[in-house]
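Topology and contacts: notes
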Amino acid sequence: MKPGIELSEIRKKLMKNAEFTAEYERLQPRYDLIAQIIAARTGQNMTQSELARRMGTQTSNISRLESGTYNPSLDFLIRTANSLGKELQIALR
């Protein structure tokens, strides 16, 4: 990124592209959930390894989940939430 160019300026330019905007909006719920998982984990000073251990899965699965490169099952998300002391809630709007 060039010095002096802020991320918000780049986002504004990209959002003018209808195709980009549609894809951004399609992925937004996924990234919102990822952000919530990361916040819950780090808020408890928990490592990815500790979360994986609690869930009975591999650390690489947690890493892939948090990076957005893993398409988890509903059961995996429920186990993730429970391992963080949370409850998964899903809503259709």
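Residues numbered from 1 in each chain as written. Predicted model: local features only at pLDDT ≥ 70, side-chain atom pairs only at ≥ 80, totals over all residues. Heavy atoms only, no water.

In terms of helices and strands, the chain carries five helices and zero strands. Written out in order from the N terminus, the α and β elements of the chain read α-α-α-α-α. The globule rule puts the C-alpha radius of gyration for 93 residues at 12 Å, and the 16 Å found for the chain is more than 25% above it. Dimensions of the chain, computed from the C-alpha atoms along their principal axes, are close to 45 × 35 × 20 Å. Counting only residues that meet the buried cut, the chain has 24% of its 93 residues in that class. As displayed, the chain offers around 7,100 Å² of accessible surface, 52% of which is attributable to carbon and sulfur atoms. Distance between charge centres in the chain, computed from 14 positive and 10 negative side chains, equals 3 Å. (Helix = DSSP H or I, 4+ residues; strand = E, 2+ residues; numbered from the N terminus. Rg over C-alpha atoms; globule rule 2.2 N^0.38 Å. Buried < 20%, exposed > 50% of the residue type's maximum accessible area, 1.4 Å probe, protein only. Areas by Shrake-Rupley, 256 points an atom, 1.4 Å probe, with all protein chains shown as cover. Lys, Arg positive; Asp, Glu negative; His and termini not counted. Charge placed at Lys NZ, Arg CZ, Asp CG, Glu CD.)

Taken together, the side chains of L74, I78 and I90 present a nonpolar region at the surface, about 290 Å² in accessible area. Within the secondary structure, I90 sits in the segment after helix 5 (74–83). (Patch = residues over 30% accessible without salt bridge, like charges linked within 9 Å, V, L, I, M, F, W, Y side chains within 5 Å. Salt bridge = Lys/Arg side-chain N within 4 Å of Asp/Glu carboxyl O.)

Let us look at the environment of I37. One can find I37 in helix 2 (residues 18–43). Note: C-alpha distance between I37 and T80 (43 residues apart in sequence) is 8.0 Å. Setting aside chain neighbours within four positions, we find I37 in contact with L65, E66, L77, T80 and L84. (Contact = heavy atoms within 4.5 Å.)

Tracing the backbone shows T21 in helix 2. Of the residues examined, T21 reaches a relative accessible area of 15% and is grouped as buried. Within the structure, the side chain of T21 is placed 2.6 Å from the backbone oxygen of M15, a separation counted as a polar contact. (Polar contact = N/O pair within 3.5 Å; in protein donor to acceptor, adjacent residues only side chain to side chain.)

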